[in-house]
Amino acid sequence: MHLPDRHSRAFSPVQMLENGLNMHSAVSIGFRQHARPLLVYILGWGRSGSSVMANILGSMPDAASLGEMRYLWDRGVMEDGICGCEAAFSECAFWPDLSFGAQPLKAMDSERARALTRSIGSGARRRQFPGLHNERSRKTYFDRSAGDLDLLMGLYAEAFERSQSRVLIDASKSPFYALNLLYEQRSFDVVFLHLVRDPRAVLHSWKKRKPREDVSEGQLFPRYSSTRSLLQWAVVNAECERFAHLAPDRYYRVRFEDFAENWQRALATDAAPLFEQVPGGRGGENSRAALVHAQHSISGNPARFILGEVTLDPNTSWRDEISGTDRRLARMICGPAARRYGYVMGAV
Ligand SMILES: [Zn+2]
């Protein structure tokens, strides 16, 4: 499969080491030592910057990003999509030998993968998942899915072992998929990092033509109307916020704009218990710069293929480009929540 030119310019970790560069030289914060392995689950709505955040977190010492695990079965096993390491899923050095129960992923047939997509993966509809606050539907879901959830936890545990990482990042974002992990903390702990972005910037992004580079050439990401993306923003972020009550000591919220402006300061401020200073950093020279290396990441925004020294872009072009109607819609649909997150939305 042809990938754009910038991929060939990207540094692999091996190249960086051969060039005498330390992979982590741009990092002056890292994950705090934790007694047990730690899974950091990024919550949020699409186009909030989660792919670049996952790459940066996964490039920290002792950490790795798995990408969007909820797509493992469809975009990974079934579609054989491109992993963040730039190999097809079936040829990646990490995923095919991981096991789901007694079976390695490479031996899984598409019927089983399709069933997992529907039951515990990306295709699981909201009504199939437990309501975030409905005990009965939650119990039904967990009773019905218990066997597969057990195997899924085993898969995550094996991913820790195979990646030799103490911290793994799951950028699935979905608050519904996150319920798979909420009550399951057997051999590792799970924390939730809710990433929010200005709804007007998100609306602007969903309207753009955006190529998908992980499946086949010429395929585009879906485009959403203003109303649809704003409604989704409001609903999904409200569901993500429920984790502040479901797991109050494991929930953190970061604004994309703060992260893009100075990612180390944003993480150290808004998710302080997770991070600490690490020696050898050179933070402060350029607060938007980060050194990123390839991750074995499932699915995600094409940004996950941009490696080496990256400079975060707060991307404020929406300010000049969205219409007055879209601004009014954003105020009406997302105003109260957006103001709580600190965005200046103007008069209603
Ligand atoms: Zn890979």
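For the structure itself, look to the data block above.
About the thresholds
- Residues numbered from 1 in each chain as written.
- Predicted model: local features only at pLDDT ≥ 70, side-chain atom pairs only at ≥ 80, totals over all residues.
- Heavy atoms only, no water.
- Donors = N, O, S within 2.8 Å, 3.2 Å for Na, K, Ca; no water.
- Tetrahedral: all angles 85-135°; square planar, octahedral: opposite > 155°, others 65-115°.
- Helix = DSSP H or I, 4+ residues; strand = E, 2+ residues; numbered from the N terminus.
- Pairing = 2+ DSSP bridges.
- Axes fitted to C-alpha atoms, helices over the stretch in contact; angles between N-to-C directions.
- Contact = heavy atoms within 4.5 Å.
- Buried < 20%, exposed > 50% of the residue type's maximum accessible area, 1.4 Å probe, protein only.
- Core = buried A, V, L, I, M, F, W, Y, C linked by side-chain atoms within 4.5 Å.

Colleague: Hey, could you run me through the coordination of the zinc ion in this one?
Modeller: Between any two of four tetrahedral donors, the ideal angle at the metal is 109.5 degrees; between two of six octahedral donors, it is 90 or 180 degrees. The protein atoms donating to the zinc ion are Cys 83 (SG), Cys 85 (SG), Cys 92 (SG) and His 296 (ND1), with metal-donor distances spanning 2.1 to 2.4 Å. Taken together, the 4 donor atoms coordinating the zinc ion span angles of 94 to 119° at the metal, a pattern that classifies the geometry as tetrahedral. When the donor residues of the zinc ion are listed from N- to C-terminus, their spacing reads C-x1-C-x6-C-x203-H. Note that Cys 85 is positioned in the loop between α4 (72–78) and β4 (99–100) and His 296 in the loop between β10 (289–292) and β11 (308–311), a separation of 211 residues in sequence.

Colleague: I would appreciate a short explanation of the sheet that holds strand β2 (residues 38–43) in the present structure.
Modeller: The strands making up a sheet associate through hydrogen bonds between their backbones, and the pairing can be parallel or antiparallel. Spatially, β3-β6-β2-β7-β8 is the arrangement adopted by the 5 strands of the open sheet, whose pairing is parallel. Strands with a single pairing partner mark the edges of an open sheet, and in this sheet they are β3 (63–65) and β8 (251–255). Averaged over all pairs of adjacent strands, the angle between their axes in this sheet comes to 25°, without regard to strand direction. Summarising the sheet, strand β7 (residues 189–196) and β8 pair through 5 bridges and their orientation is parallel. Opposite Leu 195, over in β8, you have Val 254 as the bridge partner. This element, helix α6 (residues 135–163), spans β2, β3 and β6 (167–173) of the sheet and lies at about 130° to β6.

Colleague: When you look at the pairing of β6 in this model, what are you seeing that I'm missing?
Modeller: When a strand is regular, its side chains alternate between the sheet's two faces. With 7 of 7 residues buried, β6 is to be regarded as a mostly interior element. Along β6, one buried face is formed by Val 167, Ile 169, Ala 171 and Lys 173 and the opposite face, lined by Leu 168, Asp 170 and Ser 172, is buried too. As judged from the 5 bridges shared by β2 and β6, these two strands associate in the parallel manner. Looking at the pairing, Val 40 lines up with Ile 169 of β6. Pairing analysis gives 3 bridges linking β3 to β6, with the strands arranged parallel. Counted as the bridge partner of Ala 63 is Val 167 from β6.

Colleague: How should the environment of Gly 308 be read in this particular structure?
Modeller: If you trace the backbone, Gly 308 turns up in strand β11. You can call Gly 308 buried: its relative accessible area is 0%. Placed 17 residues apart in sequence, Gly 308 and Leu 291 show a C-alpha to C-alpha distance of 5.3 Å.

Colleague: I keep staring at the nonpolar core and nothing clicks. Help me out?
Modeller: Proteins that are soluble and globular tend to have nonpolar side chains buried together. In terms of nonpolar packing, the biggest core is built from 69 residues, with Trp 73, Trp 95, Leu 105 and Leu 152 touching the most fellow members. It is α6 that contributes the most residues to this core, 9 residues altogether. The contact partners of Leu 105, leaving out residues within four places of it in the chain, are Leu 72, Trp 73, Val 77, Phe 89, Trp 95, Pro 96, Leu 98, Phe 100 and Leu 155. If you look at the next biggest cluster of nonpolar residues, it comprises 34 residues, including Ile 29, Ala 63, Ala 290 and Val 292.

Colleague: What am I meant to see in the environment of Gly 44 here?
Modeller: With respect to the helices, strands and loops of the structure, Gly 44 is situated in the loop between β2 and α3 (50–58). What makes Gly 44 buried here is its relative accessible area of 5%. Taking the C-alpha atoms as reference, Gly 44 lies 4.8 Å from Lys 173; in sequence the two are 129 residues apart. Those residues in contact with Gly 44, other than ones at most four positions away along the chain, are Lys 173, His 194, Leu 195, Val 236 and Cys 240.

Colleague: Explanation requested: the pairing of β2 in the structure shown.
Modeller: Counting buried residues along β2, 6 of its 6 residues qualify, which places the element largely inside the surrounding structure. Across the two faces of β2 the burial is the same, with Leu 38, Val 40 and Ile 42 and Leu 39, Tyr 41 and Leu 43 all buried. Two elements, β2 and β7, share 6 bridges in a ladder whose sense is parallel. Within the sheet, the bridge partner assigned to Leu 43 lies in β7 and is His 194.

Any link to function would need more than the numbers given here.
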